[in-house]
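Each chain, letter by letter, is given below.
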Amino acid sequence: MFWLEKRQWCQREIVCTGAQDDAEEVACSPGFQVKQYQVEYDGGFLKDQPLLKVVFDDCAENQDVSFEVSHPDFLIDEDLNLVPRRDVIDSGAVLFVHGLNAHADDMAQVDIMGAPPRSPQTLREIVGLGDITPYRTKRSLLVPPMFVPENQRAPFPRSIGKSHVISYDMKDDHYFRLTGKGADQDPKGVFSINRRTGEVAVSRALDREAIAFYHLQVSTTDMSGNLVEGPVDLDVYIIDQNDNRPIFKESRYSGEVLEGSPSGTTVMTMTALDADDPNTDNAVLRYIILRQSPEKPSPNMFYIDPERGDIITVISPSQLDRETLPTTQYELEIVAKDMAGSEVGLTGTATATITITDRNDHAPEFTHSLFQASVDEGSTGVVVNLTVDDRDDPATGGFRAMYSIINGDPNQSFEIHTNPDNNEGMLSVVKPLDYESSMFHTLMIRVENEDPLVPDVIYGPSSTATVYIAVQDVNEGPVFFPDPLMVTKWENIPVGSFVAMLNATDPDFRQIQSVRYGVLRDPAGWLSVNPVKGMVNTTATLDRESPHVHNNRYSAVFMATDNGNPPATGTGTLIITLQDENDNAPYVVPSVARMCEDAKEVNVAVIGARDKDIHPNTDPFKIELGKQLGLEKTWKISRINNTHSQIMLLHSLQRANYNVPLVLTDSGFPPLTNNTELKVQVCTCKKNRMDCNGAVTPVTDLLLLLSLLTLSILCL
């Protein structure tokens, strides 16, 4: 029908000579459907008499199309007729018609056959518009652009229109030249111009998404290539075809919406891109939901804004219940269609996965109102696992349980923790229970979630439970009291002396059982115990100075065993603090002293006394020469302090070893005396060196010996 109507528009005086009609092409190309027209000139044109009808289709119902004609005395009326505004004689040989709206921007050419040329004839008129009247827009001052649809089919080259009118006075040796990117610059050879006629042609199919615009220049030259006129800019725009499908940034999108959300809640936004011209409907996208899976409880739970791509909820909040929905994930197949969603638009698809997330709208509930357990007295650990039901998402704090003991545990004998693997409450005994104190325990347990409940949900009676625990009697070992038992005794008391009376009682007072005592650990072997009465006596002498005594204390461990089935044993410690007796005489230190044979040299040595006993059975010590006759003529002892004295050689002796008798007495009551000897090595001293005739001690510097002697005396 389109082609029939176009042929009907061509009247007898008008010849339609646009691009060859291709009836097989059904795709709409916005703009003039016939690019070139011819009309016969017969002395001029009368005002308001239509000359021809242009064929223009913007592929969108031709809304708000404006037309401009290069000659100010012509216009395009509402019926697309070319009409003179007044009687016109100087029409010129060519007119250009420019059509423009939001969907198309195109030019058409009208050749007026037999019309005299307008003068003066300038290059601006040749390649574009003639005189511009004041009412024309600034855009009309530019050389009209040419428009070429992308993806044209062969044959090529294909004319895209004339950019000039041949002047009658144009010389034969002047030629047109086309320059710029797309002509003589890369990409070269896309466009060419007939050097004589000025007809511009395209040499191959173009891709607007690769290059959307070509900026060329037209000029005239003489035969030698010298510039005659110009250059004048010529812009060629590539008209977009809808040859690109919308493409989503991702093939799968993920979004979440909280259960119970109000209708109209935005879940996510889908975004697709179209490489076509954004100024045309070819890149205007519309979104639809093609399919929802599953379709229950409603096949239209969600809606997508056709222009923005926002997916919003349509389902009511009460139906958007995660616990009652057939699934927590819904898949939507989203289609983006260009051409503003028209039937001829191209489409792209993507999948949106929407997860219904949980809110804490269900309180946990115990599976039983009463739990029972039994536990042996004296033991610890888990005694019972409490189970609960919660319909919320197990991966959230709205499911995870927190347990607490709210009644029945005054001594904090129990603790309850959540098992992270199954959400059960593990009730444990942390302080051993005593059957004899209480045979039963009744606890009240409460369960809550980690996350707070939503405002309209509360914890009910099912969120508490009673736990009944029976304590089982176990034969317990006797218990010593006190433990440890502390006593104080003098050392060296007679063997068989009474030390202490042990007291061990059987905690199983509900049973009649006897207790027998025994020694479990007695490091020195000093003690015995009566197995029935628990009386402890000595079996050896208690010695405070024994290596088994530490800080005057001796420890032994006893056991008490009942006659239960099986028998049970308890242990207790006896600590004896030993009081000191003066049973150790003092001894001299060191046992060897050295002096020089010449009394003028070093002839003094410091000696001391020590005692294994403790105060007051030790110092002050008395150190004296023995009772041998003549000792006082060779040796002299002088007191330095409570523990040390000095022994002095009164005259020279031969080099030898001498045993000097001494008497040491402590301050105990009664005091103890030790008759002992001090070995004195008399050595040869020369040049500050001491020769003790092969003594074990190495040769010693005399000055150092004197210094040490003096320092020792001062420190005492």
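About the thresholds
In this numbering scheme, every chain counts its residues from 1 along its sequence in written order. Where local features are concerned, this predicted model is filtered to residues with pLDDT of at least 70; where side-chain atom pairs are given and counted, the filter is 80 or more; whole-chain, interface and lining totals use all residues. The basis for the side-chain values is all heavy atoms of the structure; hydrogens and waters are excluded. For the purposes of this entry, the term helix denotes a DSSP run of H or I that reaches at least four residues, the term strand denotes a run of E that reaches at least two, and both are numbered from the N terminus. Think of it in three bands: residues with accessible area under 20% of the maximum for their type are buried, residues over 50% are exposed, and the middle band is partly exposed, with areas taken using a 1.4 Å probe on protein chains only. Accessibility throughout is a Shrake-Rupley quantity obtained with a 1.4 Å probe, and a residue counts as covered only by protein chains that appear here. In this scheme, strands are said to pair when DSSP sees at least two bridges between them. Fitted lines through C-alpha atoms serve as axes, helices being fitted only where they are in contact, and the angles separating the N-to-C directions of these axes extend from 0 to 180 degrees. The aromatic pairing rule takes the rings of Phe, Tyr and Trp, using the six-membered ring of Trp, and pairs them if the centres are within 6.5 Å, calling planes under 30 degrees apart stacked, those over 60 edge-to-face and the rest tilted. Only heavy atoms enter the contact rule, under which two residues are in contact if any of them lie within 4.5 Å. In protein, a polar contact means a hydrogen-donor-capable atom and an acceptor-capable atom, both N or O and within 3.5 Å, with residues adjacent in sequence counting only if both atoms are side-chain atoms; elsewhere, any N or O pair within 3.5 Å suffices. Two cysteine sulfurs form what is called a disulfide whenever their separation falls within 2.5 Å.

**Student:** In this structure, what is going on with the overall build of the chain? I would like to understand it.
**Tutor:** Helix and strand content of the chain: four helices and 53 strands. For the chain, the proportion of its 716 residues judged to be buried stands at 43%. With an accessible surface of roughly 37,800 Å², the chain has 51% of that area assigned to carbon and sulfur atoms.

**Student:** Can you walk me through the pairing of strand β49 (residues 635–639) in this structure?
**Tutor:** Remember that side chains alternate between the two faces of the sheet whenever the strand is regular. One ladder, built from five bridges, connects β49 with strand β50 (residues 644–649); its direction is antiparallel. Residue S638 lies in a different strand from β50, and its bridge partner there is Q646.

**Student:** It is not clear to me how the sheet that holds strand β24 (residues 310–313) should be interpreted in this structure. Could you clarify?
**Tutor:** Either a parallel or an antiparallel arrangement is found when strands of a sheet pair, and the pairing is made through backbone hydrogen bonds. Spatially, three strands are ordered β20-β24-β23 in an open sheet, and the strand pairing comes out antiparallel. Only two strands of the sheet have a single partner each, and these edge strands are β20 (266–269) and β23 (302–304). Strand-to-strand twist in this sheet, taken as the mean axis angle between neighbours without regard to direction, amounts to 20°. Note: β20 against β24, three bridges, orientation antiparallel. By the bridge assignment for β24, T269 is matched with D310.

**Student:** Quick question: what am I supposed to make of the pairing of strand β51 (residues 656–665) here?
**Tutor:** Pairing between strand β48 (residues 622–625) and β51: four bridges, direction antiparallel. Within β51, the position partnered with K622 by the bridge is T665. Two strands pair when backbone bridges link them, and β51 and strand β52 (residues 673–686) are joined in this way by ten bridges, in the antiparallel orientation. Looking across to β52, one finds that A656 is bridged to V682.

**Student:** For this particular structure, what's the right way to read the packing of aromatic side chains?
**Tutor:** How two aromatic rings sit relative to each other is set out by the distance from centre to centre and by the angle between their planes. Tallied over the entire structure, the rule returns 16 aromatic pairs. Aromatic side chains F32 and F56 sit 5.0 Å apart centroid to centroid with 75° between the ring planes, which places their arrangement in the edge-to-face category. One end of the pair, F32, is in strand β2 (residues 31–32); the other, F56, is in strand β5 (residues 56–57), and 24 residues separate them in sequence. Where F248 meets Y287, the ring centres are 6.2 Å apart and the plane angle is 55°; that geometry is what we call tilted. Placement of the pair is F248 in strand β18 (residues 247–248) and Y287 in strand β22 (residues 286–293), with a sequence separation of 39 residues. Classification of F248 by relative accessible area gives buried; the value is 8%. Residue class for Y287 comes out buried when judged on its relative accessible area of 6%. Site record: aromatic cluster; members linked through ring pairs are F32, F56 and F67.

**Student:** Hey, could you run me through the environment of Y403 in this one?
**Tutor:** Looking at the element boundaries, Y403 is found in strand β31 (residues 401–407). Relative accessible area serves as the criterion here: at 9%, Y403 is assigned to the buried category. Once the C-alpha coordinates of Y403 and T418 are considered, the two residues, 15 residues apart in sequence, prove to be 6.8 Å apart. For Y403, the residues in contact, after removing those within four places along its chain, are F366, L386, V388, I416, T418, N423, E424, G425, I445, R446 and V447. Within the local environment of Y403, its side chain forms a polar contact with the backbone oxygen of N423, the two atoms lying 2.7 Å apart. At 3.3 Å, the side chain of Y403 and the backbone nitrogen of G425 are in polar contact.

**Student:** Looking at this model, I keep getting lost on unusual backbone geometry. Mind explaining?
**Tutor:** Trans peptide bonds make up most of the peptide bonds, and negative phi angles are found at most residues other than glycine. Here V589 and P590 are connected by a cis peptide whose omega angle stands at -10°. Relative to the helices and strands, P590 resides in the loop between β45 (587–589) and β46 (592–596). Backbone torsion omega between H615 and P616 reads 15°, so that peptide bond is classified as cis. Within the chain, N423 stands out as a residue other than glycine whose phi angle is a positive 70°.

**Student:** I keep staring at the state of the cysteines and nothing clicks. Help me out?
**Tutor:** In total, this model carries three disulfides according to the counting rule given. With a sulfur-sulfur separation of 1.6 Å, C28 is cross-linked through a disulfide to C59. When the S-S torsion is -90°, as for the bridge of C28 with C59, the disulfide is left-handed. With C28 in the loop between β1 (14–16) and β2 and C59 in the loop between β5 and β6 (66–69), the pair connects residues that are 31 residues apart, well separated along the chain.

**Student:** Could you clarify how one ought to interpret the sheet that holds β45 in this entry?
**Tutor:** Pairing in this open sheet of four strands is antiparallel, and the strands run β45-β47-β50-β49 from one edge to the other. Every interior strand has two partners, whereas the edge strands, β45 and β49, have only one. For this sheet the average axis-to-axis angle between neighbouring strands, irrespective of direction, equals 35°. When β45 meets strand β47 (residues 604–610), the two strands line up antiparallel, connected through three bridges. Counted as the bridge partner of V588 is A609 from β47.

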